[in-house]
Amino acid sequence: MVLRRIVVLQVFCCCLWLVGGFLDPHVINSLTEMISEMKDIDYGNPQLRQVYDYVIVGAGPAGCVLANRLSEDPKVSVLILELGRGERPAFAEPPMLGPMLMGSDYSFGYETEHQNYGCLGLTGRKCSWTHGRGVGGSSIINNIIYTRGNRRDFDNWARAGMEGWSWEEVLPYYKKIEQANIKDFDQNGAHGKTGRVSVEDCPFRSEVAKAFVASAADSGYPYLDYNAGDNLGVSFLQAHSRRGHRVTAGTAYLKDIKHRPNLHISTRSWATEVLFKEDKKEAIGVRFTKNKRYHTVRARREVILSAGAFETPKLLMNSGIGPAADLRRHGIRVVQDLPVGQRVYEHGGLFGPIFIIRNGSPLERNLLSLEQVLTVDEILRFRNGTGPLTSNSIESLLYVKSPYAADPDPGMPDVEVMQSFTSMSFDSSIATRLAYRLPDSLVRKYFDPLIGVRNFMFLPMLLKPHTVGKVKLKSRNPFHHPVFQYQYFEDERDVEALVYSIKEVLRIAQAEPLQRLGIELYSRPVPGCEHAPFNSDDYWRCHVRTLTTTFQHQVATCRMGPDGDPDAVVDPRLRVRGIRRLRVVDAGIIPEPPSAHTCAMAYLIGEKGADMIKEDNQ
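Residues numbered from 1 in each chain as written. Predicted model: local features only at pLDDT ≥ 70, side-chain atom pairs only at ≥ 80, totals over all residues. Heavy atoms only, no water.

Undergrad: Please provide a residue-by-residue account of the overall build of the chain, values included.
TA: What the chain contains, in helices and strands, is 20 helices and 26 strands. Against the globule reference of 25 Å for 618 residues, the chain gives a C-alpha radius of gyration of 24 Å, in line with a compact fold. Reported as C-alpha extents along the three principal axes, the dimensions of the chain are approximately 70 × 65 × 45 Å. For the chain, the proportion of its 618 residues judged to be buried stands at 65%. Pairs at least 24 apart in sequence give 73% of the contacts found in the chain among residues at least 6 apart. Total accessible area on the chain stands at roughly 22500 Å², and carbon and sulfur atoms take up 50% of it. Looking at charge distribution, the chain has the averaged site of its 75 positive side-chain charges lying 6 Å from that of its 71 negative ones. (Helix = DSSP H or I, 4+ residues; strand = E, 2+ residues; numbered from the N terminus. Rg over C-alpha atoms; globule rule 2.2 N^0.38 Å. Buried < 20%, exposed > 50% of the residue type's maximum accessible area, 1.4 Å probe, protein only. Contact = heavy atoms within 4.5 Å. Areas by Shrake-Rupley, 256 points an atom, 1.4 Å probe, with all protein chains shown as cover. Lys, Arg positive; Asp, Glu negative; His and termini not counted. Charge placed at Lys NZ, Arg CZ, Asp CG, Glu CD.)

Undergrad: Report on the pattern of salt bridges, specifying residues and quantitative values.
TA: Enumeration over the complete set of coordinates arrives at 45 salt bridges. For R329, the salt bridge is made with D326, and the minimal N-O distance between the two is 2.8 Å. With a gap of three residues between them, R329 and D326 both fall in helix α11 (residues 324-329), about one helical turn apart. Judged by relative accessible area, R329 falls into the exposed class, the value being 60%. With a relative accessible area of 13%, D326 lands in the buried category. (Salt bridge = Lys/Arg side-chain N within 4 Å of Asp/Glu carboxyl O.)

Undergrad: An account of the sheet that holds strand β5 (residues 178-181) is requested, with residue identities and associated values reported.
TA: If you walk across this open sheet you meet the three strands as β5-β6-β8, and the pairing is mixed. Each end of this open sheet is capped by a strand with a single partner; those strands are β5 and β8 (238-239). With four bridges connecting them, β5 and strand β6 (residues 197-201) associate as parallel partners. By the bridge assignment, E178 is partnered in β6 with V197. In the packing of helix α7 (residues 167-177) onto the sheet, the strands contacted are β5 and β6, and the crossing angle to β5 comes to about 75°. (Pairing = 2+ DSSP bridges. Axes fitted to C-alpha atoms, helices over the stretch in contact; angles between N-to-C directions.)

Undergrad: Give a description of the state of the cysteines that names residues and reports values.
TA: The final tally for this structure, using the stated rule, is two disulfides. One disulfide bridge connects C119 with C127, the sulfur atoms lying 2.4 Å from each other. For the disulfide bridge between C119 and C127, the dihedral angle about the S-S bond is near -105°, and by the sign convention the bridge is left-handed. On the basis of relative accessibility, which here comes to 1%, the residue C127 falls in the buried class. In this model C529 forms its disulfide with C542; the gap between the sulfur atoms is 2.1 Å. Judged by the sign of its S-S torsion, about -85°, the bond between C529 and C542 is left-handed. Placement of the pair is C529 in the loop between β24 (519-521) and α19 (537-546) and C542 in helix α19, with a sequence separation of 13 residues. With relative accessibility at 0%, the residue C529 sits in the buried group. (Disulfide = S-S within 2.5 Å.)

Undergrad: Residues and numbers for the confidence of the model for the chain, please.
TA: Here the chain averages 90 in pLDDT, while 93% of its residues score no lower than 70. This stretch, residues 7-24, has a pLDDT under 50; its non-local contacts, to residues over four places away or in other chains, come to 31 contacts. (pLDDT = per-residue confidence, 0-100.)

Undergrad: Please give an account of the packing of aromatic side chains that cites residues and values.
TA: A full pass over the atoms with the stated rule returns 31 aromatic pairs. Note on W129 and Y486: the rings are 5.3 Å apart at their centroids and 55° apart in plane angle, and the pair reads as tilted. Of this pair, W129 sits in the loop between β3 (107-108) and β4 (131-132) while Y486 sits in the loop between β23 (483-485) and α17 (492-508), placing them 357 residues apart in sequence. Judged by its relative accessible area of 0%, W129 falls in the buried class. Relative to F458, the ring of F456 has its centre 5.7 Å away and its plane inclined at 75°; by these criteria the two rings are edge-to-face. Of the residues examined, F458 reaches a relative accessible area of 1% and is grouped as buried. (Phe/Tyr/Trp six-rings, centres within 6.5 Å; stacked < 30°, edge-to-face > 60°.)

If you want it as structure tokens, here you go:
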């Protein structure tokens, strides 16, 4: 319903512009542009060849980068296979609509197993593990949050034997990616100006964001650029958007080069098997389906898997690369015994705490519901790069180090707290609650009393979980979803770290800048937590376990590691161990849970992986 309303409003805006402009050429151009944005981006329907130099599986952030960089050489032929379709800008570009797209065909409808320690208040006691599909992958449906991670993440990789992955070695790639417009940190030397991904301050910033950042600074947290290497502190959000319009991997890396004669982009193409030479130790191609028919394509140089942290390990295991005992159980011939899927880490978190605003300005009082900002005026403001629709609602980030962090380094945080200018009461449609598996009864009892009341929410997210799980095959059928053996908060320290971050938020909330807004902690207990005294540690432990949420940052399913690492699937040059001409280039190679959202890291992996591939194929 909400997506349909946006289409109707955009068409209405077109008509207003057309009538008001009396066929002015600029108005006609704008009208044409708006109409085109209501269609999928057309990446063509190429006549596929039998052989390419490189075959890439998956057009997420890393895959789109690879397709662009490898096809820069006109003598090299590149095919990229993508299960989904081109994005529809009218739906994808407004950042606030990301959760609604999680329930569309731009997303895999993955979910966790039944949970014992978390997600207890959610439908079926399961959390959503949605992953994007389509040209752009999860960058189509995520929260446009652009964070690189702490320099210590990368230096730890390098110290562990992963040569080439230190902070000083990856920073040039991060700068290469960016076309940055970060007002307060524009001249610190950490950002690029000529890259393909626009990274900017969100055009809209509420009073809550300004007051929270000021309050955190007053409470001892430094105001810093968390993308410059150190992130223990507070700052406003840096987003992968341009003038408040979502920038995806497809629009950044493929849209303007889709007509390169040496690049073929094949959408709605589901890879089912990697093909090998008779000795089974060298990849030679890929089998896939398109238009209800099976096809085979061969690679002269390399097969590159960039299908994401779930689809890549599933494809490897279906092709005979994975834990030997598990493969034999499914009747799959073992090509290479490797620990594919034997680790998965996730950034779990929660919805809350929530605060009510009593002294907000008229602007703040107008931020009561999504319907309030889905007006003709706001759609026009969005198209001009202003207004609340340019925000995903997350406006600032606080990085906290809890006493439960495994890393003793005082500069490495283990929790990120996102500040949102809304809560779940903002969207009265069913789209968001379905995306996060919030049952009607919980919404009715906990969030609905806030309808019509100006309120905002924090979302603490665990960066360095102690809990680890596995990803396994459901069967040898390549179209079956994988099985996720992961239990949130299996390790009690994960809950305690999040409770500590909540208490830090409550401490910061007492600072003068936030108090000026007349904020008040929402004291209605979460259903199921009524037994614990409100605002006690036991209450917040229950809140964490009941209102658990996911941030779709699963990593390590095809873990990178140095020679001799028994848990590694790929080496530091991203080559699959024991198999020639086969690489994994996506977020699944990240060896440990990072202190970052994974989209920026996927771009990094794509850029660095492309250079490695070029060097190794000279």
